[in-house]
Amino acid sequence: MDASSERWIGHLDMDAFFAAVEQLDEPKFRGKPVIVGGLGSRGVVATASYEARRFGVHSAMPMAMARKRCPDGVFVPPRFERYCEISARVREVLLRVSPVLETVSLDEAFFDVSEHGAAAMAVALAAKQEVQRETQLTCSVGVAPNRFLAKMGSDLSKPDGFLVIRPERVREILDPLPIGKMWGVGDVTERRLRGLGLLRIADVRTAPVELLEREFGRMGVRLHELARGEDDTPIAGESESVSMSREVTYAVDLLRAEEIEDEVRRLARHVAGQLRAASMLCRTVRIKIRYPDFRTITRQVKLPVATDSEGLIETLAVHLLRQRAELDERGVRLLGVGVSRLGVAATRQLSLFDGVPASILERGQQAPWMGKESMGRDRSPL
Ligand code: TTP
Ligand code: MG
């Protein structure tokens, strides 16, 4: 296979993300053990700076235990809006590198650099440097022929790392790793694998696939593939072709401008509801109009960052109708509102906190890429 037909996937993950942002914004926290999370009595650690990790503090640990292990630590509550804002900037940089981008959570994304052929590694390295320059934070990047290995690359090179896993080195890199490093291996699976005497990835790779299948069903077959470094999961990019829409052909043509606008608002709210129900975000909003003579137009607007905000989608749809469509006394026969360039909303981070105002949680959960600054009134996407 020549270099130009190889698949090269990048995975970028910010280092100690929430804690690093706190250290960026508050110089006196730099070099100190910073622990971000719920500070209430049932609080949990979201993340700890590398200084705090040396005391044995890590994500998902009860805050009370973190305080015991690191009594002199700096304990701070999360500021989701700020993290979202930085997230949006990271995403913008990555989109310049690769239109095929899959955002996994606030601080993590896969991107496809295959089209750069022999320059794929250089492009991925440039993405890392550009993200660091733009955010003043460090991140780690893995580049490999598939998603699983790319993530492994960023993970193994942390912090501030860059690791290319070429096919010929897969075995050497994966074999010695503990099985817990494999995707999908949580505590329960890990215990069961250990029970079978499978402790390292090499053990899973060399175990008969029949044994794994008998014990774990389809997941066993998958584990065997991963242990061999194989993974053909595509990048769930944000594609124009993936869209959600709602359109209605009216039994009687709509004539009045207010009536048409009300309908567009209703359709927009419906689509925003669909988007939220699917935990997705969109980056393009469009309207479709069919006139009584069957002439059909669409008008669309692209957003700088993704959203699932009902208010914003409705506003944009109405803007397109008022500014970019012609309406006259003949009225319309059909109206439609659609969204595309969809991405998956990240929710993982948000389940661990107590004591976080519901409004922040809701905002973060529903629009993780939506920074206050980039979506605020001052910088309207229009
Ligand atoms: P991670 O990328 O898993 O962790 P991290 O960025 O803090 O550290 P690393 O350098 O090892 O990548 O998660 C990103 C952010 O998500 C993290 O800063 C806080 C949040 N998070 C939680 O809220 N709960 C969790 O259990 C984890 C793992 C992360
Ligand atoms: Mg991270």
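Right, let's walk through the structure included here. (Residues numbered from 1 in each chain as written. Chains lettered and ligands numbered in written order. Predicted model: local features only at pLDDT ≥ 70, side-chain atom pairs only at ≥ 80, totals over all residues. Heavy atoms only, no water.)

1. Concerning the sheet that holds strand β5 (residues 101-105)
Here's step 1: In space, the five strands of this open sheet follow the order β5-β6-β1-β7-β8, with mixed pairing throughout. Both outer strands of the open sheet, β5 and β8 (162-164), are each paired with one neighbouring strand and no more. Strand-to-strand twist of the sheet, defined as the mean angle between neighbouring strand axes without regard to direction, takes the value 15°.
Here's step 2: Pairing of strand β1 (residues 9-14) with strand β6 (residues 108-112) involves five bridges; the strand directions are antiparallel. Opposite Asp13, over in β6, you have Glu108 as the bridge partner.
Here's step 3: Of the strands in this sheet, β1, β5, β6, β7 (139-144) and β8 touch helix α6 (residues 147-157), which is tilted by about 145° from β7. (Pairing = 2+ DSSP bridges. Helix = DSSP H or I, 4+ residues; strand = E, 2+ residues; numbered from the N terminus. Axes fitted to C-alpha atoms, helices over the stretch in contact; angles between N-to-C directions. Contact = heavy atoms within 4.5 Å.)

2. Topic: the environment of Ala109
Here's step 1: Assignment of secondary structure puts Ala109 in strand β6.
Here's step 2: Judged by its relative accessible area of 4%, Ala109 falls in the buried class.
Here's step 3: In this structure Ala109 touches Gly10, His11, Leu12, Leu94, Leu101, Glu102, Thr103 and Val104, once residues within four positions along its chain are discounted. (Buried < 20%, exposed > 50% of the residue type's maximum accessible area, 1.4 Å probe, protein only.)

3. Here's the deal with the coordination of the magnesium ion (ligand 2)
Here's step 1: For the magnesium ion (ligand 2), the protein coordination sphere consists of Asp13 (OD), Met14 (O) and Asp107 (OD), at 1.9 to 2.2 Å.
Here's step 2: What the six donor atoms of the magnesium ion (ligand 2) show is an angle range of 85 to 178° at the metal, which sorts the shape as octahedral.
Here's step 3: When the donors of the magnesium ion (ligand 2) are listed by position in the chain, the intervening gaps give D-M-x92-D. A residue pair is termed long-range when its members are at least 10 positions apart, and Asp13 in strand β1 and Asp107 in the loop between β5 and β6 qualify at 94 residues.
Here's step 4: Here Asp13 falls in the buried class, since its relative accessible area comes to 12%. (Donors = N, O, S within 2.8 Å, 3.2 Å for Na, K, Ca; no water. Tetrahedral: all angles 85-135°; square planar, octahedral: opposite > 155°, others 65-115°.)

4. Some remarks on the packing of aromatic side chains
Here's step 1: Inspection of the entire model under this criterion finds seven aromatic pairs.
Here's step 2: Aromatic side chains Phe18 and Phe80 sit 6.1 Å apart centroid to centroid with 90° between the ring planes, which places their arrangement in the edge-to-face category. Of the two residues, Phe18 is situated in helix α1 (residues 17-25) and Phe80 in helix α4 (residues 80-97); the sequence distance between them amounts to 62 residues.
Here's step 3: Residue classification places Phe18 among the buried positions, given a relative accessible area of 5%.
Here's step 4: Ring geometry for Phe148 and Trp183: centres 5.8 Å apart, planes at 50°, overall tilted. Separated by 35 residues along the polypeptide, Phe148 in helix α6 and Trp183 in the loop between α7 (170-174) and α8 (187-195) bring together distant segments of the chain.
Here's step 5: Under the relative-accessibility criterion, Phe148 is labelled buried at 2%.
Here's step 6: Counting every residue linked through ring pairs, the aromatic cluster contains Phe17, Phe18, Phe80 and Tyr83.
Here's step 7: For the cation-ring pair, Arg53 lies above Tyr50, with the distance from its terminal atom to the ring centre recorded as 4.3 Å.
Here's step 8: Sitting above the plane of the Phe75 ring, Arg67 keeps its charged end 4.5 Å from the centroid. (Phe/Tyr/Trp six-rings, centres within 6.5 Å; stacked < 30°, edge-to-face > 60°. Lys NZ or Arg CZ within 6 Å of the ring centre and 35° of its normal.)

5. Quick word on the sheet that holds strand β3 (residues 45-48)
Here's step 1: The mixed open sheet is built from three strands, whose spatial order is β3-β2-β4. The sheet terminates laterally at β3 and β4 (74-76), the two strands that pair on one side only. Strand-to-strand twist in this sheet, taken as the mean axis angle between neighbours without regard to direction, amounts to 25°.
Here's step 2: Pairing between strand β2 (residues 34-37) and β3: three bridges, direction antiparallel. The residue bridging Val36 from the neighbouring strand is Thr47, located in β3.

6. Describing the pattern of salt bridges
Here's step 1: Scanning the model with the defined rule gives 29 salt bridges in all.
Here's step 2: With a closest N to O distance of 3.4 Å, Lys158 and Asp13 form a salt bridge. With a gap of 145 residues between them, Lys158 in the loop between α6 and β8 and Asp13 in strand β1 connect regions that are remote in the sequence.
Here's step 3: Between Glu261 and Arg265 there is a salt bridge whose closest N-O contact spans 3.1 Å. Taken as a pair, Glu261 and Arg265 lie in helix α12 (residues 257-277) at a separation of four residues, close to a single helical turn.
Here's step 4: Overall, Arg265 belongs to the partly exposed group, its relative accessible area being 24%. (Salt bridge = Lys/Arg side-chain N within 4 Å of Asp/Glu carboxyl O.)

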